[in-house]
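Notes for the structure review
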Amino acid sequence: MTNRLRKPYIAGNWKMNLDRSKCLALVKVIKGRLRDGNDREVGVFVPSLYLADVSAVAQGSPLGIGSQNMWFEDSGAFTGELAARMLREVGADRVLVGHSERRQLFQEPDSWMSKKLRNSLDHDLLPIYCIGETLDERKANRTDRTIKRQLESGFETLRAEETHRITIAYEPIWAIGTGETATAEQVAAVHKMIRRWLVQRFGEPAANMVRILYGGSVKPDNAKQLMAIDEVDGLLVGGASLQAETFLPIIEFDAR
Ligand code: PGA
């Protein structure tokens with residue numbers, strides 16, 4: 001059994017999948033299977049349009065409901081965007097920041113990340129900050145440099161006393177949606193490097209509060225092995241979070 005300092009966190013990222021009725025049905029099933037939430041935290045990141053309905057169904061359970069993105073201003077001329085306070089208002093209690101699809105497909109620059117993290121914390125929308133290298137960066141031995149750059153830009157304004165509200169998801173971009181999972185050695189090495197960076201920046205007690213999740217082709221058959229890696233505090237699950245048959249076994253991974 002791994003000696004856990006931090007409560008395991010299993011998060012499902014539904015992306016632009018599932019229509020309203022499927023979202024509601026899946027949340028109902030997950031809610032029915034969650035226990036008191038004492039030994040693990042579970043959250044789902046749903047299409048924003050359905051946040052109000054989904055959070056109404058989840059009410060009364062420890063299931064966290066999150067948005068997949070947000071904008072960092074409170075209001076104004078930002079056509080098509082959603083403010084953290086708006087997401088809170090419709091029941092979200094968490095948010096993904098800097099998912100690689102946002103960074104790559106929608107060209108979100110590093111410079112937005114610390115603003116998004118700042119604003120999410122200011123509105124009590126607990127962020128998962130997603131970071132990870134491309135295949136080219138890994139092949140060129142630039143993984144560490146990329147990850148450190150993403151940490152620097154994201155945590156520019158973060159204070160040590162706020163670290164307990166932060167989760168990081170390490171998602172190698174080459175492992176997302178590809179069926180290819182990083183090896184245990186690769187995952188452990190990057191997670192250790194992230195932890196070292198946090199210790200240097202915030203000191204050990206504050207650094208130890210941050211959960212570091214792994215994401216990228218997590219499936220029921222590799223979830224237990226991934227959770228057995230000491231440095232892994234949880235999982236961010238895409239494809240396998242879309243169906244109860246594949247998401248429930250991941251949520252219910254055997255912690256012994
Ligand atoms: P995947 O997605 O599990 O389908 O690889 C993970 C993610 O994008 O968060």
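To keep things clear, this report deals only with the structure shown in the data block. Just so we're clear, the structure is a prediction, and the values are computed from it rather than from any experiment.

Bringing the site of the ligand into the picture now. The environment of the ligand is made up of 14 residues, and the closest members are Lys-15, His-99, Glu-171, Gly-177 and Ser-217. Interatomic distance of 2.7 Å between a side-chain N/O atom of Lys-15 and an oxygen atom of the ligand. Separating an oxygen atom of the ligand from a side-chain N or O atom of His-99 is a distance of 2.8 Å. Alone, the ligand offers 290 Å² of accessible surface; in the complex the protein occludes 97% of this. In the shell around the ligand, the residues fall into five nonpolar, seven polar and two charged.

Read around the closed barrel, eight strands run 1-2-3-4-5-6-7-8, paired in parallel fashion. Put simply, the sheet's adjacent strands are angled 25° from each other on average, direction ignored. In this sheet, strand 5 (residues 126-131) lies alongside strand 4 (residues 94-97) in parallel orientation, the contact comprising four bridges. The residue of strand 5 that forms the bridge with Val-97 is Tyr-129. Packed onto the sheet, helix 10 (residues 220-228) meets strand 1 (9-13), strand 7 (211-215) and strand 8 (234-237) and runs at close to 145° relative to strand 8.

The rules behind the values
Residues numbered from 1 in each chain as written. Predicted model: local features only at pLDDT ≥ 70, side-chain atom pairs only at ≥ 80, totals over all residues. Heavy atoms only, no water. Near = heavy atom within 4 Å. Polar contact = N/O pair within 3.5 Å; in protein donor to acceptor, adjacent residues only side chain to side chain. Areas by Shrake-Rupley, 256 points an atom, 1.4 Å probe, with all protein chains shown as cover. Nonpolar A, V, L, I, M, F, W, Y, C, P; charged D, E, K, R; others polar. Pairing = 2+ DSSP bridges. Helix = DSSP H or I, 4+ residues; strand = E, 2+ residues; numbered from the N terminus. Axes fitted to C-alpha atoms, helices over the stretch in contact; angles between N-to-C directions. Contact = heavy atoms within 4.5 Å.

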